[in-house]
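# Structural overview
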Amino acid sequence: MPFLGKDWRSPGWSWEKTDNGWKRIVFYGEELEDNDKELAFKEDKWIYVQKGSTKERHGYCTLGEALNRLDFSSAIQDLRRFNYVAKLFQLIARSQLTSLSGAAQKNYFNILEKIVRKVLEDHYNPRLVKDLLQDLISTLHNLTIHVGRIVLVGNINIWLCRLETILKWQQQLNNLQIPKQVRNGMLFSDLPLHTQNKILYKLSDACDIINLGQTTPTLQSLSENKTLWKKLCHFHFADKQFCRNLVLSNSENVDWKLMYFTLRKHYPMKEQYGDTLHFCKHCSILFWQDRHLALLFKDCGHPCTANDPDSCLMPISPQHFIDLFQF
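Structure report, in brief. Quick caveat, the model's predicted, so the values are computed rather than measured.

Rules of the game
- Residues numbered from 1 in each chain as written.
- Predicted model: local features only at pLDDT ≥ 70, side-chain atom pairs only at ≥ 80, totals over all residues.
- Heavy atoms only, no water.
- Phe/Tyr/Trp six-rings, centres within 6.5 Å; stacked < 30°, edge-to-face > 60°.
- Helix = DSSP H or I, 4+ residues; strand = E, 2+ residues; numbered from the N terminus.
- Buried < 20%, exposed > 50% of the residue type's maximum accessible area, 1.4 Å probe, protein only.
- Lys NZ or Arg CZ within 6 Å of the ring centre and 35° of its normal.
- Axes fitted to C-alpha atoms, helices over the stretch in contact; angles between N-to-C directions.
- Parallel < 35°, antiparallel > 145°, perpendicular 65-115°, else oblique.
- Left-handed = near helix turned anticlockwise from the far one by under 90°.
- Contact = heavy atoms within 4.5 Å.
- Core = buried A, V, L, I, M, F, W, Y, C linked by side-chain atoms within 4.5 Å.
- Nonpolar A, V, L, I, M, F, W, Y, C, P; charged D, E, K, R; others polar.
- Arc of directions from axis to C-beta.
- Polar contact = N/O pair within 3.5 Å; in protein donor to acceptor, adjacent residues only side chain to side chain.
- Pairing = 2+ DSSP bridges.
- Salt bridge = Lys/Arg side-chain N within 4 Å of Asp/Glu carboxyl O.

## Notes on the packing of aromatic side chains
Enumeration according to the criterion identifies 14 aromatic pairs in this entry. Here Phe82 and Tyr124 contribute two aromatic rings whose centre-to-centre distance is 5.2 Å and whose plane-to-plane angle is 80 degrees, an arrangement assigned as edge-to-face. One end of the pair, Phe82, is in helix H3 (residues 79-96); the other, Tyr124, is in the loop between helix H4 (102-122) and helix H5 (126-147), with 42 residues separating them in the sequence. Residue Tyr124 is classed as partly exposed on the basis of its relative accessible area of 24%. Its guanidinium or amino end placed over the ring of Trp159, Arg162 lies 4.7 Å from that ring's centre, counting from NZ or CZ.

## Considering the packing of H3 against H4
Running from amino to carboxyl end, H3 crosses H4 at an angle of 130 degrees, the nearest separation of the two axes being 11 Å. Here H4 runs oblique to H3, going by the angle between their axes. The crossing of H3 and H4 is left-handed. Along the contact surface, H3 presents Leu79, Phe82, Val85, Phe89, Ile92 and Ala93, while H4 presents Tyr108, Ile111, Leu112, Ile115, Lys118 and Val119.

## Structural notes on the nonpolar core
Within soluble globular proteins, side chains that are nonpolar generally end up buried alongside one another. If you look at the biggest cluster of nonpolar residues, it comprises 52 residues, and the most contacted ones within it are Leu70, Phe72, Tyr108, Leu136, Leu286, Phe321 and Phe325. Among the nonpolar cores identified, the runner-up in size contains 16 residues, and Ala206, Ile209, Phe237 and Trp256 belong to it.

## Description of the packing of H4 against helix H6 (residues 156-174)
Contact geometry for H4 and H6: axes closest at 11 Å, N-to-C directions at 15 degrees. Classed by the angle they form, the pair H4 and H6 counts as roughly parallel. Viewed along their axes, H4 and H6 form a crossing whose handedness is left-handed. Contacts between H4 and H6 pair Gln105, Lys106, Phe109, Leu112, Glu113, Val116, Val119 and Leu120 from the former with Trp159, Arg162, Ile166, Trp169, Gln172 and Leu173 from the latter. Residue composition of the contact of H4 with H6, by class: nine nonpolar, two polar and three charged.

## Here's the deal with helix H10 (residues 226-236)
Along H10, the positions that sit buried rather than exposed are Leu228, Trp229, Leu232, Cys233 and His236. One side of H10 carries all its buried residues, which in axial view fall inside an arc of 135 degrees. Between the side-chain oxygen at the start of H10 and the backbone nitrogen of Thr227 there is a gap of 2.8 Å, and the oxygen is on Asn225.

## Topic: the pairing of strand S5 (residues 277-280)
Neither face of S5 is exposed, since Leu277 and Phe279 on one face and His278 and Cys280 on the opposite face are all buried. Here S5 pairs with strand S7 (residues 313-316) via four bridges, running antiparallel. Bridge pairing in S7 links Cys280 to Leu313. For S5 and strand S6 (residues 285-287), the ladder comprises three bridges, and the chain directions are antiparallel. Bridging from a neighbouring strand, His278 pairs with Phe287 of S6. Adjacent in sequence and paired antiparallel, S5 and S6 are bridged by four residues, among which Ser284 carries a positive phi angle near 55 degrees.

## Section: the sheet that holds S7
Here we have four strands laid out as an open sheet, ordered S4-S6-S5-S7, and antiparallel in their pairing. The open sheet has two edge strands with one neighbour each: strand S4 (46-48) and S7. On average, each strand axis in the sheet is inclined to that of its neighbour by 25 degrees, with strand direction left out of account. Bridge analysis of S4 against S6 gives three bridges, and the strand direction is antiparallel. Each residue of the ladder has a partner; that of Tyr48, found in S6, is Ile285.

## Regarding the pattern of salt bridges
Enumeration over the complete set of coordinates arrives at nine salt bridges. A salt bridge links Asp208 to Arg127, with the nearest nitrogen and oxygen atoms 3.2 Å apart. Taken together, the positions of Asp208 in helix H8 (residues 206-213) and Arg127 in helix H5 put the pair 81 residues apart, joining distant regions of the chain. Note on Asp208: relative accessible area 33%, which makes it partly exposed. Overall, Arg127 belongs to the partly exposed group, its relative accessible area being 32%.

All quantities given are derived from atomic positions and should not be read as evidence of function.
Written out as structure tokens, the structure reads:
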């Protein structure tokens, strides 16, 4: 009789054949809350991050394998994860593109096409994707023109076609016109002044604050508030960084808006995402965690063997994701 358990070395897993290959099925015996007596199934969205050979496992996990195994295609459809995936793809475009296998590179560009299509259809965060494409164009231009084909996987003509396609995407985004929404209800400018000001204080991106300030004279005045820019500086940067780059106005007061843009040139800003990948320090597993299903199933997300799985989890930033696969 085989042992059925959470241990990754045990037999007894159930598998299904999909268009992308075989995927393991995790079965949960609990009943759903809607009392329809259906059983819940969930595809794996995790990968074991191995950095060396052991008695049980040989080899190691690569960035390309993680890119293929983790479900980034579905992640970009979730607004909480879209910015995270786009930022990760931007970092890959800058320095990790040549480290991907041929299959991983193909998957990368397929997902990138879906990212661009989502922006064109939903008009969601085009500025971030424009920066991603610009970095990718710079990398491909350097690889195809200056470095040469020696570091590229596949025919050089394929890469030139990809570069041409990315240039077309860039042109489409540059020509993107977001239609003005016609609503009969309350507008943002109809909100009380203190409510508008409170919303401004919730923004962590300076470009969003500036763009919002260009819409009405009232918001222009609110967006220039010194306290607002002071709070933004303290959110993104440490106090010791202020002392090294102190910017004073003519009245010997700190110009916090100018201080913010000065600090941004010298230090990285704090990253903020609605949802991220998580890493289990106990199991060395990288995975997407569905918060809704986590409330229904205690072991949702990955097959953890720890007594207290939540204490072993830590969120992974896009840069940390890259660092996990640096050997």
